[in-house]
Amino acid sequence: MKLPAAYAYLGNIANPPKMIVEALKLFGTKEQPGPGDNPVIIKWAEEVGTQVAHDYYADSVPWCGLFMAVVAKRAGKPLPPNPLWALNWAKFGEQAGQPMLGDTLVFIRPGGGHVGLYVGEDNANFHVLGGNQSDQVCIRSVPRERLYAARRPIYTNAPPSMKVIRLARNGDASIKEA
């Protein structure tokens, strides 16, 4: 799946954060429609570890935390406890303050939370690269008022591309990710 034109800049950033690089490799991965499961998503749980594989058994189970766990693991970042639970990502890395490219954003939603990566913002929304957004890995706008935590991976040397990205408003904001 190709990045939407509004986000094409992501493919042209010099020295992007490693988590963005790993997340973009998974862009377009979708749930299996109906009763089946996408074996790619199921294998992510196995890759992350035994406990996650035990708790994650079908792509009908919310998988934004699983997406973030496989991205963080591939980028060499330590995982928070119980990474399947979106709100647990509020314990990841360090507090970010103003979110920047590659930061982890944790949101409140009815029935739980949602987690993804900051790829930009407009006046009303954060633009988030995440899993289980419309049943796939994609970029969606999420209202700023839903932000629960902004967390930054711990860097020895922060990538110079890590900055605030101002964008034009792009479509309707997401109201329910799961």
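Use the structure listed above.
What counts as what
- Just so you know, the residues in each chain are numbered from 1, in the order the chain's sequence is written.
- Given that this is a predicted model, residues contribute local features only at a pLDDT of at least 70 and side-chain atom pairs are listed and counted only at 80 or more, while totals for whole chains, interfaces and linings are drawn from all residues.
- Excluding hydrogens and water, the side-chain values take into account all heavy atoms of the structure.
- Exposure is judged per residue with a 1.4 Å probe applied to protein chains only, and the accessible area is read against the type maximum: over 50% gives exposed, under 20% gives buried, and values in between give partly exposed.
- By the criteria applied, helices consist of DSSP H or I runs no shorter than four residues and strands consist of E runs no shorter than two, each listed in order from the N terminus.
- Strands are labelled as partners when DSSP assigns at least two bridges between them.
- For salt bridges, the criterion is a side-chain nitrogen of Lys or Arg within 4 Å of an Asp or Glu carboxyl oxygen.
- By definition, the arc is the one covered by directions from the helix axis to the C-beta atoms.
- Contacts between residues were defined by any pair of non-hydrogen atoms, one from each residue, lying within 4.5 Å.

### Remarks on the pairing of strand 3 (residues 112–121)
In step 1: Judged by how many residues are buried, strand 3 sits mostly within the fold: nine of ten residues are covered.
In step 2: Both strand 2 (residues 104–109) and strand 3 contribute to a ladder of six bridges, which runs antiparallel. Paired with Leu 105 across the bridge in strand 3 is Gly 116.
In step 3: Hairpin connection from strand 2 to strand 3: two residues lie between these consecutive antiparallel strands, with Gly 111 at a positive phi of about 90°.
In step 4: For strand 3 and strand 4 (residues 125–133), the ladder comprises four bridges, and the chain directions are antiparallel. Note on strand 4: the bridge partner recorded for Leu 117 is Leu 129.
In step 5: Between strand 3 and strand 4, which pair antiparallel one after the other, the connecting turn spans three residues.

### With respect to the pattern of salt bridges
Two side chains bearing opposite charge may form a pair once their charged atoms approach each other closely.
In step 1: Applying the stated criterion across every chain yields a total of five salt bridges.
In step 2: When the shortest N-O distance is used, the salt bridge between Arg 74 and Glu 47 registers 2.7 Å. Of this pair, Arg 74 sits in helix 4 (residues 64–74) while Glu 47 sits in helix 2 (residues 39–48); the two residues are 27 residues apart in sequence, bridging distant segments of the chain.
In step 3: Classification of Glu 47 as partly exposed rests on a relative accessible area of 30%.
In step 4: Taking the shortest distance from any N to any O, the salt bridge between Arg 144 and Glu 121 comes out at 2.3 Å. Here Arg 144 is found in the loop between strand 5 (136–143) and strand 6 (147–152), whereas its partner Glu 121 is found in strand 3, with 23 residues between them in sequence.
In step 5: On the basis of relative accessibility, which here comes to 4%, the residue Glu 121 falls in the buried class.

### Focus on helix 1 (residues 18–25)
Residues spaced three or four apart along an α-helix point in a common direction, a consequence of the helix completing one turn every 3.6 residues.
In step 1: Taken together, the buried positions of helix 1 are Met 19, Ile 20, Glu 22 and Ala 23. Looking down the long axis of helix 1, one finds its buried residues gathered within 165° of arc, a one-sided arrangement. Structural note: helix 1 exposes Lys 18 and Lys 25 on the side pointing more than 90 degrees away from its buried face.
In step 2: Along its buried surface, helix 1 packs onto helix 4, strand 2, strand 3, strand 4 and strand 5.

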